[in-house]
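Given next are the chains, with one letter for each unit.
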Amino acid sequence: MGKIVERPKEGCAGGAARGEDCRLLGAAGVLSGAEWQSRLRGRRIGWPVKCYGETDSTNLRAKALAEEGAPEGTLVIAESQTEGRGRRGRSWVSPPGEGLWFSFILRPAVVPAAAPAITLTAALAAASGIGDMTGLAPGIKWPNDIVLGGRKLVGILTELAAVDGRVRYVVVGIGINVNIAEFPAEISRTATSLYLETGRRWDRPDLLAAVMKRMEEYYAEYLKTGDMSGLMEEYGARLVSRGEEVMVLAPRNEHRGICEGIDGQGRMLVRLEDGSEERVMSGEVSVRGIYGYV
Ligand code: BTN
């Protein structure tokens, strides 16, 4: 790949669909629409592609596209986000050229209660895709943060629209800190990047393709049952707190136990001191490792 020559300012879904002019800047240069096509075309997830040089939030763009009827698999990528959104109303630092900020639309025929497992599925895809590409072994901090060296490498924000008790669409937004060399002071002790962990820059299009390949594989597995039963072993193997003491932060009832993995619904299995097993649902309570960030 050659030198960076141009950054598209606005979206280019039509261009990408025709194999023209849709660019995502890699470590080494430009990924053309044709190259992109050859990597992801034919996949259920990751096509069609809409690229932005800068946008507010790829989740917001993906939701707008989903409302307009964009098909399952539609992928929105931005070089930078001005209003990158994190969970619990937080913002997500999304500088240009250094990360992968993207969202995709899914339209599974499931009830809303089956949707949280999609977030865990995406976490497994992100961790595995990064592992495939880099040879590293990123862990998952339940339910959906990807961590490396005890710091957060990837964040995932899933948003859902439902009608009449059925899911209309799910937007999965993933932020991967790829080549970021320095974080703002307020997150510098909890965030990391592939660059900081390995001392080298990584090709973002290759990385995105690796993650989407895994997403396609795991989403197909998820659709068989509408839950994590086909993925819980693989997910559990990446769980950083497996076998470790965790604190269950339930309202007015904080207590400790040992994490033993997840069940088919994606709930964390926690063995309590009295020997009983608790199943902790994401969203209802959070779980914190006793030592450090994870
Ligand atoms: C978290 O708080 O951990 C979730 C962060 C999710 C960030 C990604 S970046 C791409 C997509 N667009 C957004 O505005 N947020 C998600």
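Residues numbered from 1 in each chain as written. Predicted model: local features only at pLDDT ≥ 70, side-chain atom pairs only at ≥ 80, totals over all residues. Heavy atoms only, no water.

**As for the overall build of the protein chain**
Convention followed: By definition, any uninterrupted DSSP run of H or I lasting at least four residues is a helix, any uninterrupted run of E lasting at least two residues is a strand, and each is numbered from the N terminus. Any pair of residues with heavy atoms lying within 4.5 Å of one another is described as a contacting pair. Exposure was quantified through the Shrake-Rupley algorithm and a 1.4 Å probe, taking into account, for residues, occlusion by the shown protein chains and nothing else.
Scanning the protein chain from terminus to terminus reveals seven helices and 14 strands. Across the protein chain, every contact between residues at least 6 apart in sequence was considered, and the portion connecting residues at least 24 apart equals 64%. Surface exposure of the protein chain reaches about 12,800 Å², of which carbon and sulfur atoms provide 47%.

**Re the packing of helix α4 (residues 116–134) against helix α6 (residues 204–225)**
What describes two packed helices is the angle between their axes and the distance between those same axes. Formally: Helix axes are fitted to C-alpha atoms over the stretch in contact, other axes to C-alpha atoms as well, and angles between N-to-C directions run from 0 to 180 degrees. Geometric relationships in this document are graded by angle, where less than 35 degrees denotes roughly parallel, more than 145 denotes roughly antiparallel, 65 to 115 denotes roughly perpendicular, and other angles denote oblique. Note on convention: near helix rotated counterclockwise from far helix by under a right angle means a left-handed crossing. Clockwise means right-handed.
One can describe the packing of α4 onto α6 by two numbers: an axis separation of 7 Å at closest approach and a directional angle of 140°. In this view, α4 runs oblique relative to α6, as classed from their interaxial angle. Helix-helix and strand crossings are classified by hand; for α4 and α6 the assignment is right-handed. Two secondary-structure elements touch here, α4 through A117, I118, T121, A122, L124, A125, A126, S128, G129, I130, D132 and M133 and α6 through D206, L207, A210, V211, R214, M215, Y218, Y219 and Y222.

**Description of the nonpolar core**
Quick reminder of the rule: Here the nonpolar core consists of buried residues drawn from Ala, Val, Leu, Ile, Met, Phe, Trp, Tyr and Cys, with membership extended through side-chain atoms lying within 4.5 Å. We call a residue buried when its accessible area falls under 20% of the maximum for its residue type, exposed when it is over 50%, and partly exposed in between, using a 1.4 Å probe and counting protein chains only.
Counting residues in hydrophobic clusters, the biggest one holds 59 residues, and the most contacted among them are F102, F104 and I176. Look past the residues within four positions of F104 in its chain and what remains in contact with it is I45, G73, T74, L75, V170, V171, V172, I174, M212 and M215. V76, A78, A161 and V171 belong to the second largest nonpolar core, which has 11 residues in total.

**Observations concerning the confidence of the model for the protein chain**
Note the cut-off: The predictor rates its confidence in each residue with pLDDT, a number between 0 and 100.
Of all residues in the protein chain, 83% attain a pLDDT of 70 or more, and the chain-wide mean is 86. Scored below 50 in pLDDT, residues 1–22 makes 56 contacts in the model with residues more than four places away or belonging to other chains. Contacts for the low-pLDDT stretch residues 25–30, under 50 throughout, to residues beyond four places or in other chains number 28 contacts.

**Side note on the sheet that holds strand β11 (residues 253–262)**
To be explicit about the condition: DSSP calls a pair of strands paired once it identifies at least 2 bridges connecting them.
Read across the sheet, five strands follow the order β13-β12-β11-β10-β14 without closing on themselves; strand pairing throughout is antiparallel. Of all the strands in the sheet, the pair left with one neighbour each is β13 (277–280) and β14 (286–289). Here the average twist between neighbouring strands, direction ignored, is 45°. Relative to β11, strand β10 (residues 245–250) runs antiparallel, the two being bridged by six bridges. When the bridges of β11 are listed, A250 appears paired with N253.

**What about the site of the ligand?**
Inclusion rule: The nearness test applies per residue and asks whether one of its heavy atoms lies within 4 Å of the molecule or strand. Distance and chemistry together define a polar contact, namely a pair of N or O atoms within 3.5 Å, with one atom able to donate a hydrogen and the other to accept it when in protein, and with adjacent residues in sequence counting only for side-chain atoms on both sides.
Of all residues adjacent to the ligand, which total 19 residues, the nearest are S57, Q81, R85, R87 and K152. One of the side-chain nitrogen or oxygen atoms of S57 is found 2.7 Å away from an oxygen atom of the ligand. One of the backbone N or O atoms of R87 is found 2.7 Å from an oxygen atom in the ligand. At the level of elements, α3 (58–67), β5 (99–106), β8 (151–163) and β9 (166–177) are the ones that each hand at least two residues to the shell around the ligand. Looking at which element gives the most residues to the shell around the ligand, the answer is β8, with four residues.

**Here we look at the pattern of salt bridges**
Defined as follows: For this analysis, a salt bridge means a side-chain nitrogen from Lys or Arg found within 4 Å of a carboxyl oxygen belonging to Asp or Glu.
Across all of its chains, the model carries 18 salt bridges by this definition. One salt bridge in this structure joins E221 and K224, with 3.0 Å as the shortest N-O distance. Note that E221 and K224 are positioned in helix α6 at a spacing of three residues, about one turn of the helix. In this structure, E260 and R271 form a salt bridge, with 3.1 Å as the shortest nitrogen-oxygen distance. In this pair, E260 is assigned in strand β11 and R271 in strand β12 (residues 268–272), connecting sequence segments 11 residues apart. Overall, E260 belongs to the partly exposed group, its relative accessible area being 34%. Here R271 falls in the partly exposed class, since its relative accessible area comes to 30%. One connected set of salt bridges, linked through shared partners, spans E260, D263, R267, R271, E277 and R279.

**As for the sheet that holds β8**
Overall, mixed pairing links the seven strands, which are arranged β3-β4-β5-β9-β8-β7-β6 in an open sheet. Every interior strand has two partners, whereas the edge strands, β3 (49–55) and β6 (139–141), have only one. Recorded for the sheet is a direction-independent mean angle of 20° between the axes of neighbouring strands. Sheet strands touched by α4: β5, β6, β7 (145–148), β8 and β9. Its angle to β8, the strand with the most contacts, is close to 145°. Sheet strands in contact with α6 are β4 (75–81), β5 and β9, and its direction is about 30° off that of β5.

**Describing the environment of A70**
By secondary structure assignment, the location of A70 is in the loop between α3 and β4. Separated by 35 residues in the primary sequence, A70 and I105 have C-alpha atoms spaced 7.9 Å apart.

**Some words on the environment of L157**
The residue L157 is located in strand β8 in this model. Considering only alpha carbons, one finds L157 and T119, 38 residues apart in sequence, at a separation of 7.8 Å. Contacts of L157, omitting those with residues within four sequence positions, involve N59, R85, G86, R87, V171, V172 and G173.

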